[in-house]
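So the chains spell out like this:
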Amino acid sequence: MTQITPIIIHTAFDGHVHLRDGEALRTTVPHIASRFGNGIVMPNLKPAVKTVAEALAYRERILSYVPSGSPFDPLMTLYLTETTGSDELLELAGSEGKVVACKLYPAGATTNSSEGIPDVEKAYGIFEAMERLDIVLCIHGEVTDPSVDVFDKEAVFIDRYLRKIRETFPNLRIVLEHITTKDGVEFVESAGPNTAASITAHHLLFNRNAIFQGGLQPHFYCLPILKRDVHQEVLIRAATGGMGNFFAGTDSAPHPKNLKETSCGCAGCYTAPQSVEMYAEVFDRAGAFDPGQGGVGIGNFEWFMSKTGPTFYRIPVSEGYVTLRKETSEVPPDYPFGESGVVVPLLAGKTIEWKAERILRGGN
Ligand code: DOR
Ligand code: ZN
């Protein structure tokens, strides 16, 4: 292909990220801020972030680790429970853009979701208040029904719950988080302007073969789980196509190495430090940087990485830029993480074809 470098886009927006808490922030915050100007921060701490006061305190802890040369605006979310009240939602609406959404975890669907919503239909009162207050609803869209095949949990959630939520609350802005299936893409494409979806770099770069290639690969285990290649292809078309409400959301989800490489490993891929490069790789391989070859141009990459998410959340695009050069580098085996552990990034020891760098306005 024709090599067009460097690529320059506005500073990226992470539509879905787990930063964890305490000492872990020393690792996760500089990593995310090295690529992204802002991001939607997930509330599934232990205990979960259930009130605006807790979200604002967590925001301050995150901000205390933001490097001075890389501004990062943490956009906080509240973890919905059956008892989330309209007072809390009113306070969120008045938080001056510091808390921007509520997150629905079906109880038991994923990491630290046990405090979530056991019966989605019983949360309609909360959705009604959110629609009235114009608060974005972020959804982990998988059923928890143990009789449903793990690879079908997203499609079944859409059919069993999401269509009805969409119809009942037409003005509620909904983000179907980290979509992994053709069903997810088709739902978002057909659901109108108040429905969006984030897509991770790992669901674009890999399919479920990666979990089993050469033995069981715990670092490829995440939820929703990687799907068949046919789903991956549809996701790539949605991300690179420049149409619809699809935007980057890394779902970078660090766990200490000893809790990934064990007999019952945690779900989550740590991608924050390489994610922009991974997304670039996807667009490059899809020919999307090369309009002359039938691709669609760098503009679509910029929309997906930096503009579609902020447009949906109605926030400004971050100041400054990210440059990308086609340059090979090796992903480190691990990073220090927490009090005494390490976290293994998804592509540890592998090479990555792109190198991203954040540049602030004014040439810093
Ligand atoms: O793989 C995942 N890890 N999926 C989620 O939904 C949660 C996340 C985490 O917090 O570790
Ligand atoms: Zn997540």
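Relevant structure appears above.
Residues numbered from 1 in each chain as written. Chains lettered and ligands numbered in written order. Predicted model: local features only at pLDDT ≥ 70, side-chain atom pairs only at ≥ 80, totals over all residues. Heavy atoms only, no water.

Undergrad: Is there a simple way to think about the side chain of Thr27 in this case?
TA: By the secondary structure assignment, Thr27 is in helix H1 (residues 25-33). Owing to a relative accessible area of 11%, Thr27 belongs among the buried residues under this scheme. Residues within four places of Thr27 in sequence aside, it is in contact with Tyr270, Tyr335, Pro336 and Phe337. (Helix = DSSP H or I, 4+ residues; strand = E, 2+ residues; numbered from the N terminus. Buried < 20%, exposed > 50% of the residue type's maximum accessible area, 1.4 Å probe, protein only. Contact = heavy atoms within 4.5 Å.)

Undergrad: Help me understand the sheet that holds strand S4 (residues 73-79), please; the structure alone is not making it clear to me.
TA: Sheet strands line up and pair through hydrogen bonds in the backbone, either parallel or antiparallel. Pairing within the open sheet is parallel, and its eight strands lie in the order S2-S3-S4-S5-S6-S7-S8-S9. Two strands lie at the open edges of the sheet, namely strand S2 (12-17) and strand S9 (246-248), each paired on one side alone. Across this sheet, the average inter-strand angle for adjacent strands is 25 degrees, counted without regard to direction. Strand direction decides the pairing type here: strand S5 (residues 99-104) and strand S6 (residues 136-139), joined by four bridges, are parallel. Within the sheet, the bridge partner assigned to Ala101 lies in S6 and is Val136. (Pairing = 2+ DSSP bridges. Axes fitted to C-alpha atoms, helices over the stretch in contact; angles between N-to-C directions.)

Undergrad: Can you walk me through the side chain of Arg166 in this structure?
TA: Tracing the sequence through the fold places Arg166 in helix H5 (residues 153-168). No salt bridge is formed by the buried Arg166. Its closest oppositely charged neighbour is Glu131, at 5.7 Å. Excluding anything up to four places from it in sequence, Arg166 contacts Asn171, Leu172, Ile174, Phe187, Ala191, Asn194 and Thr195. (Lys, Arg positive; Asp, Glu negative; His and termini not counted. Salt bridge = Lys/Arg side-chain N within 4 Å of Asp/Glu carboxyl O.)

Undergrad: When you look at the pattern of salt bridges in this model, what are you seeing that I'm missing?
TA: Oppositely charged side chains may form a pair once their charged atoms are brought near each other. Counted according to the given criterion, the structure contains 18 salt bridges. Put simply, Lys164 and Glu121 hold a salt bridge, and the shortest N to O gap is 3.5 Å. Within this pair, whereas Lys164 is found in helix H5, its partner Glu121 is found in the loop between S5 and helix H4 (124-133), the two being separated by 43 residues in sequence. Look at Lys164 and you get partly exposed, because its relative accessible area is 40%. Given a relative accessible area of 36%, Glu121 falls into the partly exposed group. Among the ionic pairs, Asp284 bridges to Lys326, the shortest N-O distance being 2.7 Å. One end of the pair, Asp284, is in helix H11 (residues 275-285); the other, Lys326, is in strand S10 (residues 321-330), and 42 residues separate them in sequence. Residue classification places Lys326 among the partly exposed residues on the basis of a relative accessible area of 31%. Through salt bridges that share partners, Asp134, Arg173 and Arg314 make up one connected network.

Undergrad: Please explain the environment of Val322 as it appears in this structure.
TA: Within the fold, Val322 resides in strand S10. For the pair formed by Val322 and Arg358, sequence separation is 36 residues and the distance between their alpha carbons is 4.3 Å. Other than its neighbours up to four places away in sequence, Val322 contacts Ile7, Ile8, Ile9, His10, Thr11, Ala12, Arg35, Val276, Ala356, Glu357 and Arg358.

Undergrad: Just checking my understanding: could you explain the coordination of the zinc ion (ligand 2) for this structure?
TA: Geometry reference: four tetrahedral donors at a metal, ideal angle 109.5 degrees. Six octahedral donors, ideal angles 90 or 180 degrees. Within the protein, the zinc ion (ligand 2) binds to His16 (NE2), His18 (NE2) and Asp251 (OD); these donor distances fall in the range 2.0 to 2.1 Å. Read in sequence order, the donor residues coordinating the zinc ion (ligand 2) give the pattern H-x1-H-x232-D. One end of the pair, His18, is in the loop between S2 and H1; the other, Asp251, is in the loop between S9 and helix H10 (257-260), with 233 residues separating them in the sequence. Given a relative accessible area of 8%, His18 falls into the buried group. (Donors = N, O, S within 2.8 Å, 3.2 Å for Na, K, Ca; no water.)

Undergrad: Honestly, the site of ligand 1 in this entry has me stumped. Any pointers?
TA: As a matter of local geometry, ligand 1 sits amid 13 residues, with Arg20, Asn44, Thr110, Leu223 and His255 nearest to it. Here an oxygen atom of ligand 1 and a side-chain polar atom of His140 are 3.3 Å apart. In the environment of ligand 1, a nitrogen atom lies 3.0 Å from a nitrogen or oxygen atom belonging to the backbone of Ala267. When ligand 1 is considered free in solution it has 290 Å² of accessible area, and contact with the protein chains removes 99% of it. Residues of the shell around ligand 1, tallied by class, amount to four nonpolar, seven polar and two charged. (Near = heavy atom within 4 Å. Polar contact = N/O pair within 3.5 Å; in protein donor to acceptor, adjacent residues only side chain to side chain. Areas by Shrake-Rupley, 256 points an atom, 1.4 Å probe, with all protein chains shown as cover. Nonpolar A, V, L, I, M, F, W, Y, C, P; charged D, E, K, R; others polar.)

Undergrad: Sorry if this is basic, but what is going on with the packing of helix H6 (residues 182-190) against helix H9 (residues 229-240) here?
TA: Working note: a packed helix pair is described by the angle between its axes plus the distance between those axes. Between H6 and H9, the least distance of the axes is 8 Å, while the angle of their chain directions is 35 degrees. Two secondary-structure elements touch here, H6 through Lys182, Asp183 and Val185 and H9 through His231, Val234, Leu235 and Ala238. When grouped by side-chain class, the residues that make up the contact of H6 with H9 number four nonpolar, one polar and two charged.

Undergrad: Just checking my understanding: could you explain the nonpolar core for this structure?
TA: Within soluble globular proteins, side chains that are nonpolar tend to cluster in buried spots. Counting residues in each nonpolar core, the largest one holds 97 residues, and the members touching the most others are Leu19, Phe127, Phe301, Phe304 and Met305. Ranked by size, the runner-up nonpolar core spans 17 residues in total, among them Phe13, Ala101, Val175 and Ala196. (Core = buried A, V, L, I, M, F, W, Y, C linked by side-chain atoms within 4.5 Å.)

Undergrad: Please clarify how the sheet that holds strand S13 (residues 351-359) should be interpreted in this entry.
TA: Spatially, the three strands line up as an open sheet ordered S1-S10-S13, and their pairing is antiparallel. Edge positions in the open sheet fall to strand S1 (7-10) and S13, since each of these has one partner strand only. Recorded for the sheet is a direction-independent mean angle of 35 degrees between the axes of neighbouring strands. As defined by bridge partners, S10 adjoins S13 across eight bridges and the pair is classed as antiparallel. Bridged to Tyr321 within S13 is Ile359. Strands in contact with H11 are S10 and S13; relative to S13, the strand with the most contacts, it is inclined by about 120 degrees.

Undergrad: Which parts of the structure should I look at to understand H5?
TA: Residue pairs three or four apart in sequence face the same way in an α-helix, which turns once every 3.6 residues. The end-to-end C-alpha distance of H5 is 22 Å, a good match for the 22 Å that 16 residues give at a rise of 1.5 Å each. At Tyr161, H5 shows its largest bend, some 45 degrees. Those residues of H5 that are buried are in contact with H4, S6, strand S7 (174-176), H6 and strand S8 (195-199). (Expected span 1.5 Å × (residues − 1). Bend = angle between axes of the 7 residues up to and from the residue.)

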